[in-house]
Amino acid sequence: MQEDLSAVLAYVDKLNQLPTDDLEPTAQVGEAGTPLREDRITNQPETEALLANAPDRQGGFFRVPRIID
Amino acid sequence: MASETAMAAENYEAVIGLEVHAHLATQSKLFCGCANSFGAGPNENVCPVCMAMPGVLPVLNRDAVELAIRMGLAAHCAIARESIFARKSYFYPDLPKGYQISMYERPLCVGGYVEIEANGERRRIRLVRIHMEEDAGKNIHEDGTSLVDFNRSGVPLVEIVSEPDIRSAAEAAAYLRELRALLRYTGASEARMEEGNLRCDVNVSVRPRGVEQFGTKTEIKNLNSIRFVEKAIAHEVARQIDILEAGGRIMQETHLWDPVREETRPMRSKEFANDYRYFPEPDLPPLRVTPEWIESIRVALPELPAARRERYVNALGLSRYEAAILTEEREVGDYFESVAAGLRNAKTAANWVMTEVLRVVNETGKPLAHAVPSARETGALLAMVEDGAISLNAAKTAFMAMCQSGKPAATIVRELGLAQVSDEAAIAEACDQIIETHLRKVGEYRAGRDKLFGFFVGAVMKAMGGRANPRLVNEILKRKLDQ
Amino acid sequence: MIVEPCSLTIAEARELLDRRELSAVELTRSCLDRIAAHDGRLNAFITVCREAALAQAAEADARMVGGAGGPLCGIPLALKDIFLTRGVRTTCASRILDGFVPPFDATVVAKLRAAGAVFLGKANLDEFAMGSSTENSAFGPTRNPYDLDRVAGGSSGGSAAAVAANQCLGALGTDTGGSIREPASFCGVVGIKPTYSRVSRYGVIAYASSLDQVGPFARTVRDCAVLLQAIAGVDPRDATCAARPVPDYAGALTGEIKGLRIGVPREYFIEGMAPAVDGAVRAALRQFEALGGRLEEVSLPHTEYAVATYYVLATAEASANLARYDGIRYGLRVAADNNIELYERTRGAGFGAEVKRRIMLGTFALSAGYYDAYYLKAQKVRTLIRRDFARAFERCDVIATPVAPTTAFAIGEKIADPLQMYLSDIFTISVNLAGLPGISVPCGYDDRGLPIGLQLIGAPFAEETILRAADAYERSGATVRRPPII
């Protein structure tokens, strides 16, 4: 794993050959269709359906080992 | 030793910055159509999006943006034409995506300031920024396990970051009160710390007076009342001064406030990563806000606390202190103005609201609109006092009865027989009677025993069943006695 | 029936269904039988939904009788197991989603369901769509229907193989760096990756958010156009999905390409390409000329940086997208005393090696001190790559390239060397970085009978143009589809 990662990182370093100082980065392509949505409640409670896949649950909660702060 | 601590404290300056998170008062969550409300059973206000099932995507709530902009304008921030959401990655069981959608390099609001008054001094506390982000879920701890509820996951927040301009616990409290007022006046948030929709983290450091360089800061989390913020700051400042005086170094740590012991302790958890690996959120387009939209929000802003305070002082003749009390909550100021509208003297309304009204509100714990009579009825009651139809004391009695019964002022005054006698002839007659009955005392008074005046006033009041207009009694008695 | 219903095209099946000469149930049964007979070896499917498919087919028949059928009513399809399907386990070919049964459909699945399509089952893929061979699946590799010792390509290998092997009439896949086009090429079927944002990503398990795109596989270009029509369009649940109206893709297949300017990028015809691939692609270009197209040499000078750019950006986005798999709300959980252990052990056991590799790479690229040199840098190179295409499209209408440097390689041949595997994406990856539409259409076979694909790349939202060009080529008969060996 270590070797594979090193090989890929070494390969990826070739990006540094390119001068890019004045360029804007491209974070997204395509066209956005729904930048904002109306502030309305459109969801009904569906606790059981959402908890159905829980590996561990207690009543309506997901259960995990004790969190220590 | 207390005196040593005090002396040491003189040599140091506290440098404090606050990070405040407030829940935005939207109907639905920030990125999904789940209800943004309290009191539901565990995982009832949850959907695949806010519990991060595979394949889900966020879509931004327009009203959340509008409320955030309102707050930004109220705090004199510059509103960015284009701002960018970013992923902030860390692992915690109540953070379902393993990252929080927040803002990083390009926040919605930049700069800004808030004006406060503390220790008799007025200061401007500058803001760094205000940005939008989603809240995480909640954990409940039981023996050996923790239970996770995602009702709060995805609730919209604004994060308001101040510059480290605050210099004392009192200033921090004043700053928080002003922020809270702005959030409520604009309708952006209900901002109730006790209910958890206003949270405050504090960054505290100290430095020797005169030194420009900042000291190492500690962060204090888990503060859920303004009182605790003040205590925590005072405690931490003292702790840091002690360490420095002893020749030690401050460690950059995060502390939790323990409200039971009223002290801070370092967080043991390593579950908070230091490197959040921020990058622009690819699932959301940049947030574009037009000047037209900003302007429409600006013109719809209500009168804000600072402007209202100025107006109360300059136009209505109230003191700064009175103005401060009456502007803490928008409804209180609104109520006061409605009451004052029908009166000759705004001060009458001011005093009444500050004493009787707020007392009832605080005692009953109900919202203003439910706790006391309408502003119109209260105004009517006070108009009666101004006109001399009832005494101030009678008004207090009437007011309590109005609170209980909900009946209008005139009805209560009539039912309880509180009408004050302002008939000068009747008062004159009563005075004459008292004078005739106490001729020896009258003689003593006229000979110089001024203190007896009170006796006569009391006697006349008693004779008239307590319902005589005290001012008139005083006037008429004085006239008769001084003859 | 002389021809097995399962080997009909969608267009052919539509005619027979509409004339009631074939029922949807018969058609679905034919596919299910073929799956039962061959998928033990082919391994195109992770889950087969026999009962549910027959029920959908019966409903489709009822709809058609009532006159309410549409272009896809009763048509049996395979869905890459990356699409959430309500009530049907969805694995993403990973152990970490063990037991996960989604309570909702992906938007594209809901659209197809509403159109009356039949879902035969969930097709195999590289785990979390990370791979080019479908060898990274927790459920074993999918084999190539033209040579069972060779890969079907990836990551949508199951979808491509199922279509090629006549187990279904069409399929859905996803493409992040070539994952539709490359398996389409290796399996000799048509596959299209639409313009980024043309199709909703809601309910599609995310790999790299700014690169992932959903697209169809079919045995003809026209069939692909019909499928694309059904899934494209705005979705209020996906903020990045375009609101632009969806044109009539099938209607654009006029067969006419006279005057079409076909850009041929010099950087794509390199040493290291298999001679058969080079030969087949050049022959296809000559055919385009014969059909009235005009070849133009263009240059995409930053092509050599595309793979590196991709493997920084895609892995970075993936490292965050896969952070939600923590054993708490769904999927695998490995027992632990505290939450950090729970997280680490679950992911250690649940993720395969390639997924782990990419998460580590991506985490590194975003980490403090490296963000500028890797992530930000890659985003800037992405700008250069986009510009290359924009400039090229000033001089041509479509760009024609090979899809992969080779035909299907042997199972196990490249898996030991990830970098080698990554480099085989060289011709497809730039298209995702630029967000452009790209189609792979069969253009020949090598001397082992392995299929070769031709890629046509279009300008943003120019699916009609590349469909038209691919359709004209297909109809010219220059390449005749050979039956698979199974």
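Residues numbered from 1 in each chain as written. Chains lettered and ligands numbered in written order. Predicted model: local features only at pLDDT ≥ 70, side-chain atom pairs only at ≥ 80, totals over all residues.

*Asks:* Looking at this structure, how should I read the overall build of chain B?
*Replies:* Within chain B, the regular secondary structure consists of 17 helices and 17 strands. A compact globule built from 483 residues should have a C-alpha radius of gyration of about 23 Å, whereas chain B, at 30 Å, is more than 25% larger. Counting only C-alpha atoms and orienting by the principal axes, one finds that chain B spans roughly 95 × 55 × 50 Å. Split into buried and exposed, the 483 residues of chain B put 43% on the buried side. Restricting the contact set of chain B to residue pairs at least 6 apart, pairs at least 24 apart contribute 69%. (Helix = DSSP H or I, 4+ residues; strand = E, 2+ residues; numbered from the N terminus. Rg over C-alpha atoms; globule rule 2.2 N^0.38 Å. Buried ≥ 20, exposed ≤ 12 C-beta atoms within 10 Å, placed from the backbone. Contact = placed C-beta atoms within 7 Å.)

*Asks:* Mind showing me how you'd approach the overall build of chain C here?
*Replies:* When helices and strands are counted, chain C shows 15 helices and 13 strands. Scaling as 2.2 N^0.38, a compact globule of 486 residues should have a C-alpha radius of gyration of about 23 Å, and chain C matches this with 21 Å. Projected onto its principal axes, the C-alpha coordinates of chain C cover approximately 65 × 55 × 45 Å. Out of the 486 residues belonging to chain C, those deemed buried represent 65%. Expressed as a percentage of contacts within chain C between residues at least 6 apart in sequence, the contacts between residues at least 24 apart total 76%.

*Asks:* Please clarify how the sheet that holds strand 1 (residues 45–48) of chain C should be interpreted in this entry.
*Replies:* By definition, the strands of a sheet pair up through backbone hydrogen bonds, in either a parallel or an antiparallel sense. Residues and elements named next belong to chain C. As summarised here, the arrangement of the eleven strands in space is 1-3-2-6-8-7-12-13-11-9-10, forming an open sheet in which the pairing is mixed. Sheet topology places strand 1 and strand 10 (294–298) at the edges, where each strand pairs with a single neighbour. When the angles between neighbouring strand axes are averaged without regard to direction, this sheet yields 30°. Contacting strand 6 (170–175), strand 7 (190–193), strand 8 (213–218) and strand 12 (438–445), helix 7 (residues 221–231) crosses the sheet at an angle of about 145° to strand 8. (Pairing = 2+ DSSP bridges. Axes fitted to C-alpha atoms, helices over the stretch in contact; angles between N-to-C directions.)

*Asks:* Teacher, can you tell me more about the domain arrangement of chain B here?
*Replies:* Reports of interface size often rely on the accessible area that becomes lost once the parts have come together. Residues and elements named next belong to chain B. Examined at the domain level, chain B breaks down into domain 1 (2–294), domain 2 (303–415) and domain 3 (424–481). For domain 1 versus domain 2, the separation of C-alpha centres amounts to 35 Å. Residue-level contacts link eight residues of domain 1 with six residues of domain 2. For the side of domain 1 that touches domain 2, the element with the most residues is helix 3 (residues 169–185), which contributes six residues. Among the residues forming the side of domain 1 that touches domain 2, the class breakdown is four nonpolar, no polar and four charged. (Domains from an automatic or database assignment. Nonpolar A, V, L, I, M, F, W, Y, C, P; charged D, E, K, R; others polar.)

*Asks:* What is the right way to look at helix 4 (residues 107–114) of chain C in this model?
*Replies:* At 3.6 residues per turn, the α-helix brings residues three or four places apart onto the same side. Among all positions in helix 4 of chain C, only T107, V108, V109 and L112 of chain C are buried. Where helix 4 of chain C is buried, its residues touch strand 2 (76–80), strand 6, strand 8 and helix 7 of chain C.

*Asks:* How should I be thinking about the confidence of the model for chain C in this particular structure?
*Replies:* Where the model shows low pLDDT, its predicted coordinates should not be examined in detail. For chain C, per-residue confidence averages 96 on the pLDDT scale, and residues scoring 70 or more make up 100% of the total. For this predicted complex, the interface score ipTM comes out at 0.97, alongside a pTM of 0.92. (pLDDT = per-residue confidence, 0-100.)

*Asks:* Would you explain the interface of chain B and chain A in this entry?
*Replies:* Each side of the interface is counted separately: chain B has 36 residues, and chain A has 29 residues. Among the elements that make up the side of chain B that touches chain A, the one with the highest residue count is strand 10 (residues 145–149) of chain B (five residues). Considering only residue class, the side of chain B that touches chain A consists of 18 nonpolar, 13 polar and five charged. The pairing of strand 2 (residues 61–65) of chain A with strand 10 of chain B spans four bridges and is antiparallel. Of the residues in strand 10 of chain B, the one forming a bridge with F62 of chain A is V148 of chain B.

*Asks:* Please clarify how the nonpolar core should be interpreted in this entry.
*Replies:* Across soluble globular proteins, nonpolar side chains show a tendency to be buried alongside one another. Judged by nonpolar contacts, the single largest core of 263 residues is most densely connected at A68 and V202 of chain B together with L77 and L120 of chain C. Per element, the largest residue contribution to this core is eleven residues, and it comes from helix 9 (residues 306–321) of chain C. Leaving out residues up to four positions away in the same chain, V202 of chain B has contacts with I16, L18, A172, I220, L223, V229, A232 and I233 of chain B. Counting 31 residues, the second-largest nonpolar core is a separate cluster that includes V353, A394, A395 and L418 of chain B. (Core = buried A, V, L, I, M, F, W, Y, C linked by C-beta atoms within 7 Å.)

*Asks:* Teacher, can you tell me more about the pairing of strand 9 (residues 138–142) of chain B here?
*Replies:* Along any regular strand the residues' side chains alternate between the sheet's two faces. All names here are of chain B. Looking at chain direction, strand 9 and strand 10 are connected through five bridges and run antiparallel. The residue bridging E142 from the neighbouring strand is T145, located in strand 10. If you look at the hairpin formed by strand 9 and strand 10, you'll find two residues sitting between the two strands, and G144 has a positive phi there, around 70°.

*Asks:* What am I meant to see in the domain arrangement of chain C here?
*Replies:* All names here are of chain C. Per the domain assignment, the segments of chain C are domain 1 (5–251 + 440–446) and domain 2 (304–380). Just the C-alpha atoms count here: the centres of domain 1 and domain 2 sit 27 Å apart. Taken together, the contact pairs 21 residues of domain 1 with 19 residues of domain 2. Residues belonging to the side of domain 1 that touches domain 2 are distributed by class as follows: ten nonpolar, eight polar and three charged.

*Asks:* I keep staring at the interface of chain A and chain C and nothing clicks. Help me out?
*Replies:* Listed per partner, the contact involves 36 residues of chain A and 49 residues of chain C. Ranked by residues supplied to the side of chain A that touches chain C, first place goes to helix 1 (residues 2–12) of chain A with six residues.

*Asks:* What is the right way to read helix 1 (residues 10–18) of chain C from this model?
*Replies:* Residues and elements named next belong to chain C. Taken together, the buried positions of helix 1 are occupied by I10, A13, R14 and L17. Buried residues in helix 1, looked at end-on, bunch into an arc of 105°, giving them a common side. In the core, the buried residues of helix 1 are packed alongside helix 2 (24–42), helix 3 (50–65), strand 6, strand 8 and helix 7. (Arc of directions from axis to C-beta.)

*Asks:* Even after reading the chapter, I still don't get the packing of helix 15 (residues 439–447) of chain B against helix 16 (residues 452–463) of chain B, so can you show me in this structure?
*Replies:* Helix packing geometry: the angle between the two helix axes and the distance between the axes. All names here are of chain B. Two elements in contact, helix 15 and helix 16, have axes separated by 9 Å at closest approach and are oriented at 140°. Taken together, helix 15 and helix 16 sit at an angle that is classed as oblique. Between helix 15 and helix 16 lies a crossing whose hand is left-handed. Along its contact with helix 15, which presents K441, E444 and Y445, the element helix 16 presents L452, F453 and F455. (Parallel < 35°, antiparallel > 145°, perpendicular 65-115°, else oblique. Left-handed = near helix turned anticlockwise from the far one by under 90°.)

*Asks:* Is there a simple way to think about the sheet that holds strand 10 of chain B in this case?
*Replies:* Ordered by their spatial adjacency, four strands build an open sheet running 1(A)-2(A)-10(B)-9(B), and the pairing between neighbours is antiparallel. The open sheet terminates on both sides in strands that have one partner only, identified here as strand 1 (57–58) of chain A together with strand 9 of chain B.

*Asks:* Help me understand unusual backbone geometry, please; the structure alone is not making it clear to me.
*Replies:* Note: most residues except glycine have negative phi, and most peptide bonds are trans. Note the cis peptide between G154 of chain C and S155 of chain C, where omega equals 5°. One can find S155 of chain C in the loop between strand 5 (147–151) and helix 5 (157–164). If you check the backbone angles, A191 of chain B has positive phi at about 50° while not being a glycine. Within the secondary structure layout, A191 of chain B lies in the loop between helix 3 and strand 12 (198–208).

*Asks:* Help me understand the environment of G188 of chain C in this model?
*Replies:* Residue and element names in this part refer to chain C. Relative to the helices and strands, G188 resides in the loop between helix 6 (181–187) and strand 7. With 295 residues separating them in the primary sequence, G188 and P483 have C-alpha atoms 9.6 Å apart. Among all residues touching G188, those that are not within four sequence positions of it are Y146, A164, P442, P451 and R481.

*Asks:* Quick question: what am I supposed to make of the environment of E245 of chain B here?
*Replies:* In this structure, E245 of chain B sits in helix 4 (residues 226–245). Take E245 of chain B: there are 15 C-beta atoms within 10 Å of it, and that puts it in the partly exposed class.

*Asks:* Where do I start with the pairing of strand 14 (residues 254–258) of chain B in this structure?
*Replies:* All names here are of chain B. Going residue by residue along strand 14, you find H255 and W257 tucked away on one face and T254, L256 and D258 left uncovered on the opposite face. Across three bridges, strand 13 (residues 218–223) lies against strand 14 in parallel orientation. Bridge pairing in strand 14 links I220 to H255. Once you follow strand 13 into helix 4 and on to strand 14, the crossover reads as left-handed. Relative to strand 15 (residues 263–266), strand 14 is paired through four bridges, and the arrangement is antiparallel. Directly across from D258, in strand 15, lies its bridge partner E263. (Right-handed = clockwise from strand over helix to strand, strands pointing away.)

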